[in-house]
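Report on the structure
Listed below, chain by chain, are the residues.
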Amino acid sequence: NGQVDLVDMFKEEASCDTDNSGEIEITDATAILENYANTAAGIAAASEENPMDVNGDGAVGIDDATFVLTVYAELAAGMR
């Protein structure tokens, strides 16, 4: 319908700020990738309620980092 849901957009942006710095930055995506690598290597345990799971699919993965980078780029370009 072409309408933007501002509440959903705010929730997306809030979930992307993984370090709670108040800004969505590349470091947020880096933290997600680090968490993903540590979990895959068995260094860290997987958790159902991991704040790094920004897309809410129940797992931390590359797609979460991609989502954060997409939101970051949209903010930088003034699209959000």
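Quick notes on the rules
- Residues numbered from 1 in each chain as written.
- Predicted model: local features only at pLDDT ≥ 70, side-chain atom pairs only at ≥ 80, totals over all residues.
- Heavy atoms only, no water.
- Helix = DSSP H or I, 4+ residues; strand = E, 2+ residues; numbered from the N terminus.
- Buried < 20%, exposed > 50% of the residue type's maximum accessible area, 1.4 Å probe, protein only.
- Contact = heavy atoms within 4.5 Å.
- Areas by Shrake-Rupley, 256 points an atom, 1.4 Å probe, with all protein chains shown as cover.
- Axes fitted to C-alpha atoms, helices over the stretch in contact; angles between N-to-C directions.
- Left-handed = near helix turned anticlockwise from the far one by under 90°.
- Nonpolar A, V, L, I, M, F, W, Y, C, P; charged D, E, K, R; others polar.
- Patch = residues over 30% accessible without salt bridge, like charges linked within 9 Å, V, L, I, M, F, W, Y side chains within 5 Å.
- Salt bridge = Lys/Arg side-chain N within 4 Å of Asp/Glu carboxyl O.
- Expected span 1.5 Å × (residues − 1).

Broken down by element type, the protein chain carries 3 helices and 0 strands. Along the protein chain, from the amino end to the carboxyl end, the secondary structure elements read α-α-α. Projected onto its principal axes, the C-alpha coordinates of the protein chain cover approximately 40 × 25 × 20 Å. Evaluated residue by residue, the protein chain yields a buried proportion of 24% over its 80 residues. Sequence separation of at least 24 residues holds for 53% of the intrachain contacts in the protein chain that already meet a minimum separation of 6. Counting every atom, the protein chain has about 5300 Å² of accessible surface; 55% of that belongs to carbon and sulfur.

For Asn20, which is not a glycine, the phi torsion comes out positive at approximately 55 degrees. In this structure, Asn20 sits in the loop between α1 (6-16) and α2 (26-40). Residue classification places Asn20 among the exposed residues on the basis of a relative accessible area of 67%.

Running from N to C, α1 and helix α3 (residues 62-76) cross one another at 115 degrees; their axes reach a closest spacing of 10 Å. Note that α1 runs across α3; the crossing there is left-handed. Contacts between α1 and α3 pair Glu12, Glu13 and Cys16 from the former with Phe67, Val68, Val71 and Leu75 from the latter. Of the residues assigned to the contact of α1 with α3, the class counts are 5 nonpolar, no polar and 2 charged.

Time to look at a nonpolar patch on the surface. On the surface, Ile26, Leu69 and Tyr72 cluster together into a nonpolar patch covering about 250 Å² of accessible area. Mapped onto the fold, Leu69 is located in helix α3.

Let us now look at α3. Between its terminal C-alpha atoms α3 stretches 21 Å, which fits the 21 Å expected from 15 residues at 1.5 Å a residue. Buried residues along α3 sit against α1 and α2. Directly beyond the C-terminal end of α3, a positive phi value near 75 degrees is found at Gly78.

With that settled, the discussion passes to the pattern of salt bridges. For the structure on display, the rule yields 3 salt bridges. Glu12 is paired through a salt bridge with Arg80; the nearest N and O atoms lie 2.8 Å apart. With Glu12 in helix α1 and Arg80 in the segment after α3, the pair connects residues that are 68 residues apart, well separated along the chain. For Arg80, a relative accessible area of 27% corresponds to the partly exposed category. Of the charged contacts in the structure, one is a salt bridge between Arg80 and Glu74, with a shortest N-O distance of 2.5 Å. Glu74 gets classed as partly exposed once you look at its relative accessible area, which sits at 23%. What emerges from the salt-bridge pattern is a single network uniting Glu12, Glu13, Glu74 and Arg80.

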